[in-house]
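# Working through the structure, step by step
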Amino acid sequence: MAKGSKDTLKFTRNIGIMAHIDAGKTTTSERILFYTGLTHKIGEVHEGAATMDWMEQEQERGITITSAATTANWKYKDNTFKINLIDTPGHVDFTVEVERSLRVLDGAVAAFCAVGGVEPQSETVWRQADKYKVPRIGYVNKMDRSGANFFDVVRQIKEMLGANAMPIQIPIGAEESFKGVVDLVTMKAYYWHDETMGAQYDVFDIPDDLIDEANEWHDKMLETIAEFDDQLMEKYFDDPSTITEDEIRSAIRKGTISMQINPVICGSSFKNKGVQTLLDSVCAYLPSPLDTESITGTDPSDSTKELVRHADPSEPLSALAFKIATDPYVGRLCFFRVYSGEIEAGSYVYNSRSGKKERISRLFQMHSSKQNPKEFIGTGDIGAGVGFKDIRTGDTLCDEKNPIILEAIDFPEPVIGIAVEPKTQKDLDKLSTGLAKLAEEDPTFTVKTDEETGQTVISGMGELHLEIIIDRLKREFKVEANQGRPQVTYKEAITKSVELRETYKKQTGGRGKFADMIVRVEPADPDFEGNLQFIDEVKGGNIPKEYIPSIQKGFEHAMKNGVLAGYSMDKLKVTVIDGSYHAVDSDQLSFEICAMQAYKSAVEKAGPVLLEPIMKVEVVTPEESMGDVISDLNKRRGQVEGMESNRSGARVVKARTPLAEMFGYVTSLRTITSGRATSTMSFSHFEPVSASIAKEVLTEVGGRVDLIK
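Residues numbered from 1 in each chain as written. Predicted model: local features only at pLDDT ≥ 70, side-chain atom pairs only at ≥ 80, totals over all residues. Heavy atoms only, no water.

## So, the overall build of the protein
A count of helical and extended segments in the protein gives 17 helices and 38 strands. Sequence separation of 24 or more characterises 71% of the internal contacts of the protein that already satisfy a separation of 6 or more. (Helix = DSSP H or I, 4+ residues; strand = E, 2+ residues; numbered from the N terminus. Contact = heavy atoms within 4.5 Å.)

As structure tokens, this is what we get:
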């Protein structure tokens, strides 16, 4: 019998706060915890005491690295709502955390800085939320700062993000005179008390000097929402004053959930103004698990067969593991979102990736890094479990009799690597255990052992990413590690088409080995997604059908090592044209080996080139340093793609630059601009390097310089 019921589901909200670095995301989360009664003292990020940022590095650096999931309750209109809050990082090196969190959210609060407006990173997370179809409300924070301008940020959300931003509040005052907000739904003014740390507020009539502005924005709001409700449309044209508050709310909710509008509110989380109205808006306008469409997955035994699960406790269990965290007290915690059915403590669940049953010994709901034990986690809820032996991010937990694979999460490949070794030999085991645990938590972080040098190479999404990994090794696993200089992860490609015949013969005492094939090896078609584009054109059974998969397997395996310096081959098109076989000596292995040899001989003749990762760089700099910033980017083989002004008078320079030239960029940018510029960098794509640079790289790693023309 299901313990959960659908009635409580409509009062559940799974939300995240997404934003650019420094838009006050964590401060806002902190306030939400404070006002929902979970913390009695307000933790400050700048004092290093934020509750959500419980990792030491997070407190030191003032940034959120891991997303913590926290459950809070909030009373709104006589109902108690349960809010599962997922705090997501804003830093571009941790895109994976943001992607993961968005996958399991029903709605989001997009926080913007009232001074900085729409910043580069806010664009990235906004696009990611579009991709996962997450409805969101806008929250313009930091209204108390000098230069704060609410309406300008609303304009930027419309212009830069192409969103239908609709204010449902307007600020009373700005900068140091920011006192409160006018609610355009109730047409009342909310003033916060400074002396009670903003915990209390009074509701008054709208002040005379704001009444015209409030009416104008109220009317714009009605005009926008009338489109979502025919009855409202009639009332709006006949007599707008007959529209009730509840009708307005229900229309805003409809428009928000269907992603046609984004209501925008404002506040100053640091000064505790606007947080309660933000929580009210979350309850009023963001979707509950019942509002989101059902989730579709595939049948593990037949990937073409779609299966559907609805948010219903009586349906078979389906849950998605979206994060693995190592907790010092309870060991490995796996965070998951339950889409249907429910998970009970002590019960068995089936992992459709590993095909194994796992017993979940204990269940928790999290308050930051503290755990509250639970008997069960029901439909639509987010919780964490302990006791998994084999679990990875993106795994589906389900009912063994009704298996399903929910959409896995795609993660980008790492672009930068460094060699690490323990300072003392006795730490060798500790290092490998630590790295294995961290790689389990973070799919964009990989650990490999270089077969030739025996070195351990760790790879990730950027310098900061790896810096934090090494820092965590030191703190959490007590391993001091020496690190080599950062290495770029290159790839290899070919530029020409080559057709050749490859024969593999081996005669031993008994049965021999024999395979023979004619293949054409060429660059993959531009629109091909994936690594190997494999085409079989063999006619008349000259190569029996059962050997064709072995040829494909041979090429797939060989592509992991390019001929220039062993970097992986990104894309390749292989057509098997003809061949022959021997009735006794041919077998699958012979054809696989023959394909690997064919790959090597063909690629050497097909004009191999080296590809390097190119990064998308954005630098926000004062006008007077712009010339220096641009000439420095040019020196780094960068291509400047555009320059814009942001509204605080700084210039934004956008460029694409090879990662190889960007090591230590933050430090040199500080020097050029006396510390006044900031930069963000994210991976863009791979592109070929010039012959002269390819020769330098290959000479350094002992590759085949002779193949570069």
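## Details of the environment of Lys553
With respect to the helices and strands, Lys553 occurs in helix 13 (residues 548-558). For Lys553, a relative accessible area of 49% translates into the label partly exposed. Along the chain, Lys553 and Glu592 lie 39 residues apart, while their C-alpha atoms are 6.5 Å from each other. (Buried < 20%, exposed > 50% of the residue type's maximum accessible area, 1.4 Å probe, protein only.)

## Description of the side chain of Thr256
Tracing the sequence through the fold places Thr256 in helix 9 (residues 245-257). Since its relative accessible area comes to 0%, Thr256 is described here as buried. Apart from residues lying up to four places away in sequence, Thr256 is in contact with Pro135, Arg136, Ile137, Ile261, Pro263, Tyr285 and Leu286.

## Comments concerning the nonpolar core
Core analysis: the largest hydrophobic core is formed by 73 residues, its most contacted members being Ile458, Ile543, Ile551, Phe555, Leu572 and Leu610. Here the element with the most residues in this core is helix 14 (residues 588-605); it accounts for seven residues. Setting aside residues up to four positions removed in sequence, Phe555 forms contacts with Val519, Val521, Leu532, Val574, Ala595, Ala598 and Tyr599. Val109, Ile172, Val182 and Phe228 belong to the second largest nonpolar core, which has 49 residues in total. (Core = buried A, V, L, I, M, F, W, Y, C linked by side-chain atoms within 4.5 Å.)

## Things to note about helix 9
Note that an α-helix has 3.6 residues per turn; residues three or four places apart therefore point the same way. Relative to the 18 Å expected for 13 residues at 1.5 Å per residue, helix 9 spans 18 Å between its end C-alpha atoms, a close match to the ideal helical length. Met259 sits one or two residues past helix 9 and shows a positive phi near 60 degrees. (Expected span 1.5 Å × (residues − 1).)

## Digging into the sheet that holds strand 33 (residues 532-536)
What the four strands build is an open sheet, ordered 31-32-34-33; its pairing is mixed. Of all the strands in the sheet, the pair left with one neighbour each is strand 31 (498-506) and strand 33. In this sheet, adjacent strand axes meet at a mean angle of 25 degrees when their direction is disregarded. Both strand 33 and strand 34 (residues 572-580) contribute to a ladder of five bridges, which runs parallel. Bridging across to strand 34, Phe534 finds its partner in Val574. (Pairing = 2+ DSSP bridges. Axes fitted to C-alpha atoms, helices over the stretch in contact; angles between N-to-C directions.)

## Examining unusual backbone geometry
One non-glycine residue, Met259, lies in the positive phi region at around 60 degrees. One can find Met259 in the loop between helix 9 and strand 11 (262-266). A positive phi angle, close to 60 degrees, is found at Asn272, a residue other than glycine. Structurally, the position occupied by Asn272 is in the loop between strand 11 and helix 10 (275-285).

## Concerning the pattern of salt bridges
Applying the stated criterion across every chain yields a total of 39 salt bridges. Here Glu480 makes a salt bridge to Lys423, at a shortest N to O gap of 3.7 Å. Highlighted residues: Glu480 in the loop between helix 12 (463-476) and strand 28 (481-483) and Lys423 in the loop between strand 25 (416-422) and helix 11 (428-441), separated in sequence by 57 residues. Note that Lys654 is salt-bridged to Glu618, the shortest N-O span being 3.6 Å. Taken together, the residues span a long stretch of sequence, with Lys654 in strand 37 (residues 651-658) and Glu618 in strand 35 (residues 608-621) at a distance of 36 residues. A relative accessible area of 11% places Glu618 in the buried class. (Salt bridge = Lys/Arg side-chain N within 4 Å of Asp/Glu carboxyl O.)

## So, the sheet that holds strand 7 (residues 169-172)
Spatially, the four strands line up as an open sheet ordered 7-8-9-10, and their pairing is antiparallel. The strands lining the two open edges of the sheet, one partner per strand, are strand 7 and strand 10 (201-204). Direction aside, neighbouring strands of the sheet carry axes that sit 25 degrees apart on average. Alignment of strand 7 against strand 8 (residues 180-183), held across four bridges, turns out to be antiparallel. The partner of Pro171 across the bridge, within strand 8, is Val181. In this fold helix 7 (residues 208-225) packs onto strand 7 and strand 8, with an angle of close to 160 degrees to the strand it touches most, strand 7.

## Here's the deal with the environment of Phe336
Among the structural elements, Phe336 can be located in strand 15 (residues 331-340). Along the chain, Phe336 and Gly383 lie 47 residues apart, while their C-alpha atoms are 5.8 Å from each other.

## Thoughts on the side chain of Arg309
In this fold, Arg309 is placed in strand 13 (residues 302-309). Although Arg309 is buried, it makes no salt bridge; Glu315 carries the closest opposite charge, 5.0 Å away. One polar contact links the side chain of Arg309 to the main-chain carbonyl oxygen of Asn402, over a distance of 3.2 Å. Apart from the residues lying within four places of it in its own chain, the contact partners of Arg309 are Ser294, Ile295, Glu315, Pro316, Leu317, Ser318, Ser340, Asn402, Pro403 and Ile404. (Lys, Arg positive; Asp, Glu negative; His and termini not counted. Polar contact = N/O pair within 3.5 Å; in protein donor to acceptor, adjacent residues only side chain to side chain.)

## Structural notes on the packing of helix 7 against helix 9
For any two helices packed against each other, one specifies the crossing angle of their axes together with the interaxial distance. At a minimum axis distance of 10 Å, the contact between helix 7 and helix 9 shows a crossing angle of 60 degrees. Judged by the angle between their axes, helix 7 and helix 9 are oblique. Handedness of the helix 7/helix 9 crossing: left-handed. On helix 9, the residues touching His218, Met221, Leu222 and Ile225 of helix 7 are Ile248, Ala251 and Ile252. For the contact of helix 7 with helix 9, the per-class residue count stands at six nonpolar, one polar and no charged. (Parallel < 35°, antiparallel > 145°, perpendicular 65-115°, else oblique. Left-handed = near helix turned anticlockwise from the far one by under 90°. Nonpolar A, V, L, I, M, F, W, Y, C, P; charged D, E, K, R; others polar.)

## Topic: the packing of helix 13 against helix 14
At a minimum axis distance of 7 Å, the contact between helix 13 and helix 14 shows a crossing angle of 45 degrees. In terms of orientation, helix 13 and helix 14 fall into the oblique class. Classified by chirality, the crossing of helix 14 by helix 13 is right-handed. Seen from helix 13, the contacting residues are Ser550, Ile551, Lys553, Gly554, Phe555, His557 and Ala558; seen from helix 14, they are Gln588, Phe591, Glu592, Ala595, Met596, Ala598 and Tyr599. Split by residue class, the contact of helix 13 with helix 14 holds eight nonpolar, four polar and two charged.

Keep in mind these numbers describe shape, not what the thing actually does.
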